Structures are given as C-alpha cells and as structure tokens.
Amino acid sequence: MPSQTLGIVKPDAVAAGRTGAILAHLERAGFAVRACRLVRLTRPQAEAFYAVHRGRPFYPELVDFMTSGPCLPVVLEREGADAVPVMRDTIGATDPAEAAAGTIRKLYAESKGRNAIHASDSDDNAAREVGFFFGEGELAGLWGA
Ligand code: ATP
Ligand code: MG
C-alpha cells in the first residue's frame, strides 16, 4: 500500500532556481510526484496553512515569507506506509545548521526561517495538507490507484 505526504518547495528555493534539483532529490529518495503546481499563496491561505503556529513569535515572519513569491506544493508518494517519516528524514532539521549532511535543507536552505522546503509532520496532517492544495481529480494515478 503506498502512502503520501505533502511537500512545498518554498519561495526562497523557487527564487534561487532550485525547484528542479529539489524534485530530482525527492525522486532519488524514492518518491513519485503525484501532483504539483506553482502557486503564489495569498496571506489568508498562508495563515490558514500554518494556523497551528498562530501566536508563535516567528508566525508573522513565516506568513510574510510564504507569501513573498511563488512556491510549489507537491504530493509525494512511495510504496509502504512511511512516506511522512522518510520525507522528514530527506528534508532534514528545520534549522539548516542542524540538518544532517545530504539533506535538502542542508544543501539548499539559507536559514531556519528561509528553509527551502516544507513537509507534513503526520499522516493526518499529510491528508489535510494534500486536500488544502489539490482536489481528488488532480492526483495522477500510479500503481493502479
Ligand atoms: P515545515 O512545517 O515548514 O515543514 P518544520 O516542520 O521543520 O517546517 P515547524 O516547527 O513546523 O518546522 O515550523 C514551521 C516553519 O516556521 C519552519 O519551517 C520555519 O520556516 C519557520 N520557523 C519555525 N521556527 C522558527 C524560528 N524559531 N525562527 C524562524 N522561523 C521559524
Ligand atoms: Mg511543520
């Protein structure tokens, strides 16, 4: 049974021309792209997507950053149940200074705030976040799905 997670190539990485390198990194890590689209988030969309962080000191900066330019939400799928934890390992720690060698954030992130990529942190949030950006009909079928 395949499982899914949601990634977002964040505005810093899109602006730096790293979108293709990051998608290639994810495919090498064993993920298949099921859906993706370049979007410019509105402020209400960014506030809603990161609503769990509302009230935290970095929240205004996070919303400013996520609306500062286009980003690329992408639905990622792999065989087995572990898409969410494998994706978290693939992107590395939130702060690139603490991210393991070879992770996407180590390779491409500028700072803890401008950190190149988002990934869902649980299966429930992955399902919610996939639905936030994509409708059922936009998920291209793989493995007979
Ligand atoms: P994401 O949810 O984007 O995948 P994450 O799960 O690694 O990142 P969270 O704790 O969910 O980290 O924080 C969401 C985002 O908010 C971070 O990716 C980062 O861009 C920003 N952020 C978190 N903590 C800080 C901080 N202390 N200073 C600046 N920005 C921060
Ligand atoms: Mg998070």
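This text goes with the structure placed above it.
Everything numeric here is computed off the predicted structure, so don't read it as measured data.

Caption draft 1: Representation of the sheet that holds strand S4 (residues 117-119). Strand order in the open sheet formed by 4 strands is S2-S3-S1-S4, with antiparallel pairing between adjacent strands. If you trace the sheet from one side to the other, it starts and ends with strand S2 (32-36) and S4, each paired once. When strand polarity is set aside, the average angle formed by the axes of neighbouring strands in this sheet is 30 degrees. In the sheet, strand S1 (residues 2-9) pairs with S4 via 3 bridges, with the strands oriented antiparallel. Bridge pairing links Val 9 to Ile 117 in S4. Taken strand by strand, helix H2 (residues 19-28) contacts S1, S2, strand S3 (72-79) and S4, and its axis lies near 15 degrees from that of S3.

Caption draft 2: Representation of the nonpolar core within the structure. Formed by 19 residues in total, the largest nonpolar core has its most connected members in Ile 22, Leu 26, Met 87 and Ile 117. When contributions to this core are tallied by element, the ones reaching two or more residues are helix H1 (11-15), H2, S3, helix H5 (83-91) and S4. The element that contributes the greatest number of residues to this core is H5, accounting for 4 residues. In this view, Leu 26 contacts Phe 31, Leu 76, Met 87, Thr 90, Ile 104 and Ile 117; residues no more than four positions away in its chain are not counted. Core analysis: the next-biggest nonpolar cluster, separate from the first, contains 18 residues, Ala 35, Tyr 50, Tyr 59 and Val 75 among them.

Caption draft 3: Structural detail: H2. For H2, every residue scored as buried is listed here: Thr 19, Ile 22, Leu 23, His 25 and Leu 26. For H2, the angular spread of the buried residues around the axis is 155 degrees, confining them to a single face. Of the exposed residues in H2, the ones pointing more than 90 degrees away from its buried face are Glu 27 and Arg 28. Where H2 is buried, its residues touch S1, H1, S3, H5, helix H6 (104-108) and S4. One or two residues past the end of H2 sits Gly 30, with phi positive at roughly 105 degrees.

Caption draft 4: Spatial organisation of the site of ligand 1. Not every one of the 14 residues close to ligand 1 is listed here, only the nearest: Lys 10, Tyr 50, His 53, Thr 94 and Asn 115. Note that an oxygen atom of ligand 1 is positioned 3.4 Å from one of the backbone N or O atoms of Lys 112. Within the contact set of ligand 1, an oxygen atom lies 2.8 Å away from a side-chain nitrogen or oxygen of Asn 115. Looking at the shell around ligand 1, the elements with two or more residues in it are helix H4 (59-66) and S4.

Caption draft 5: Quick look at unusual backbone geometry. Backbone geometry places Ala 116, a non-glycine residue, at a positive phi of 75 degrees. In this fold, Ala 116 is placed in the loop between H6 and S4.

Caption draft 6: Local environment of the pattern of salt bridges. Summed over all chains, the structure comprises 6 salt bridges. Here Arg 34 makes a salt bridge to Glu 77, at a shortest N to O gap of 2.3 Å. In this pair, Arg 34 is assigned in strand S2 and Glu 77 in strand S3, connecting sequence segments 43 residues apart. As far as burial versus exposure is concerned, Arg 34 and Glu 77 are alike and both buried. One salt bridge connects Asp 82 with Arg 78, and the closest N-O pair in it is separated by 3.4 Å.

Caption draft 7: How the structure looks around the packing of aromatic side chains. By the definition in use, this model includes 5 aromatic pairs. Between Phe 132 and Phe 133, the aromatic rings sit 4.9 Å apart at their centres with planes inclined by 70 degrees, giving edge-to-face as the arrangement. We classify Phe 132 as partly exposed; its relative accessible area is 30%. Summarising the aromatic geometry, the rings of Phe 133 and Phe 134 are spaced 6.5 Å apart at their centres and angled 55 degrees between planes, so their arrangement reads as tilted. Accessibility classification places Phe 133 together with Phe 134 in one group, the buried group. Connected via pairs of aromatic rings, a cluster forms that spans Phe 49, Tyr 50, Phe 132, Phe 133 and Phe 134.

Parameters and conventions
Residues numbered from 1 in each chain as written. Chains lettered and ligands numbered in written order. Predicted model: local features only at pLDDT ≥ 70, side-chain atom pairs only at ≥ 80, totals over all residues. Heavy atoms only, no water. Pairing = 2+ DSSP bridges. Helix = DSSP H or I, 4+ residues; strand = E, 2+ residues; numbered from the N terminus. Axes fitted to C-alpha atoms, helices over the stretch in contact; angles between N-to-C directions. Contact = heavy atoms within 4.5 Å. Core = buried A, V, L, I, M, F, W, Y, C linked by side-chain atoms within 4.5 Å. Buried < 20%, exposed > 50% of the residue type's maximum accessible area, 1.4 Å probe, protein only. Arc of directions from axis to C-beta. Near = heavy atom within 4 Å. Polar contact = N/O pair within 3.5 Å; in protein donor to acceptor, adjacent residues only side chain to side chain. Salt bridge = Lys/Arg side-chain N within 4 Å of Asp/Glu carboxyl O. Phe/Tyr/Trp six-rings, centres within 6.5 Å; stacked < 30°, edge-to-face > 60°.

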